[in-house]
Amino acid sequence: MPIIIDIGVAPANEDCAQLGITPDFGAANRLEVLAYRAAIIAVHGAPPNGCRLEPKSSRHDFGTYCSLTLIVSDEASVSAAHAYIAAVESGLSNWTEAAMAPPITYREGIARWHKRTASDVVFGVLMSTRPDDDGQFRIPAFATIQANLSAAYEAEAARFAALQGELA
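To keep things clear, this report deals only with the structure shown in the data block. The shown structure was predicted, so the numbers you read here are calculated from the model rather than taken from an experiment.

1. Some remarks on the overall build of the protein
For step 1, the next point in the chain: In terms of regular secondary structure, the protein is built from six helices and five strands.
For step 2, the next point in the chain: For the protein, the C-alpha atoms occupy an extent of roughly 55 × 45 × 25 Å along the three principal directions.
For step 3, the next point in the chain: The 168 residues of the protein split such that 36% are buried.
For step 4, the next point in the chain: In the protein, 65% of the contacts between residues at least 6 apart in sequence involve partners at least 24 apart.
For step 5, the next point in the chain: Within the structure as shown, the protein displays about 9300 Å² of accessible surface, and the carbon and sulfur contribution to it stands at 52%.
For step 6, the next point in the chain: Each charge sign in the protein was given a centre, from 12 positive and 19 negative side chains, and these centres are 6 Å apart.

2. Some points on the environment of Ala98
For step 1, the next point in the chain: Its place among the elements puts Ala98 in the loop between α3 (82-88) and β4 (104-107).
For step 2, the next point in the chain: Take Ala98: its relative accessible area is 0%, and that puts it in the buried class.
For step 3, the next point in the chain: A C-alpha to C-alpha distance of 8.6 Å links Ala98 and Phe142, two positions 44 residues apart in sequence.

3. Examining the side chain of Thr22
For step 1, the next point in the chain: Looking at where Thr22 falls in the secondary structure, it is placed in the loop between β1 (3-8) and α1 (25-44).
For step 2, the next point in the chain: On the basis of relative accessible area, Thr22 is assigned to the buried category, the value being 11%.
For step 3, the next point in the chain: With residues up to four places along the chain from it excluded, the contact list for Thr22 reads Ala17, Ala28, Tyr106 and Ala111.

4. Observations concerning the nonpolar core
Grouped burial of nonpolar side chains is what soluble globular proteins tend to show.
For step 1, the next point in the chain: Counting 42 residues, the largest nonpolar core has Ile7, Tyr36, Ile40, Leu53, Leu70, Met100 and Leu149 as the members making the most contacts within it.
For step 2, the next point in the chain: Elements with a minimum of two residues in this core: β1, α1, β2 (51-60), β3 (63-72), α3, α4 (118-128) and α5 (140-152).
For step 3, the next point in the chain: Per-element accounting of this core gives the leading share, 11 residues, to α1.
For step 4, the next point in the chain: Beyond its immediate sequence surroundings of up to four residues, Ile7 is in contact with Tyr36, Ile40, Leu53, Leu68, Thr69, Leu70, Val88 and Gly91.

Procedures and definitions
Residues numbered from 1 in each chain as written. Predicted model: local features only at pLDDT ≥ 70, side-chain atom pairs only at ≥ 80, totals over all residues. Heavy atoms only, no water. Helix = DSSP H or I, 4+ residues; strand = E, 2+ residues; numbered from the N terminus. Buried < 20%, exposed > 50% of the residue type's maximum accessible area, 1.4 Å probe, protein only. Contact = heavy atoms within 4.5 Å. Areas by Shrake-Rupley, 256 points an atom, 1.4 Å probe, with all protein chains shown as cover. Lys, Arg positive; Asp, Glu negative; His and termini not counted. Charge placed at Lys NZ, Arg CZ, Asp CG, Glu CD. Core = buried A, V, L, I, M, F, W, Y, C linked by side-chain atoms within 4.5 Å.

The structure is reproduced here in structure tokens:
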């Protein structure tokens, strides 16, 4: 029987879409959860065998919302993936831990969308954490973020590499 660990809808100290309040809540919630998935992967890497990060829908009095979950396939996988589970189960505090800007910001009840897809979020992080012309990363964590996202998001990594080739 799988074990499901709820990680949340966005980093703990960040604003996020509010069910019953945010216009187009479903789309905003889904984007934030998929961006949060990318942020977790950027910092901690892709889940090991027997684990997966997935949005999970939950019903509430005001409607349905999604949350990011870590699904561990069985008890045997828990032992093998203990370090990963321990690292991700408390989530992140801020988007900046993953070198991300929030995909949506909220001010005075207005949602301002900065990205429309998780692919655009990942591509933006790959661009902002890219190495300098000499191949050195400005911040050491950027090398980890680049490697983790490139491995987990192949299409975005290919798009980034193609653009880098054009700029060279």
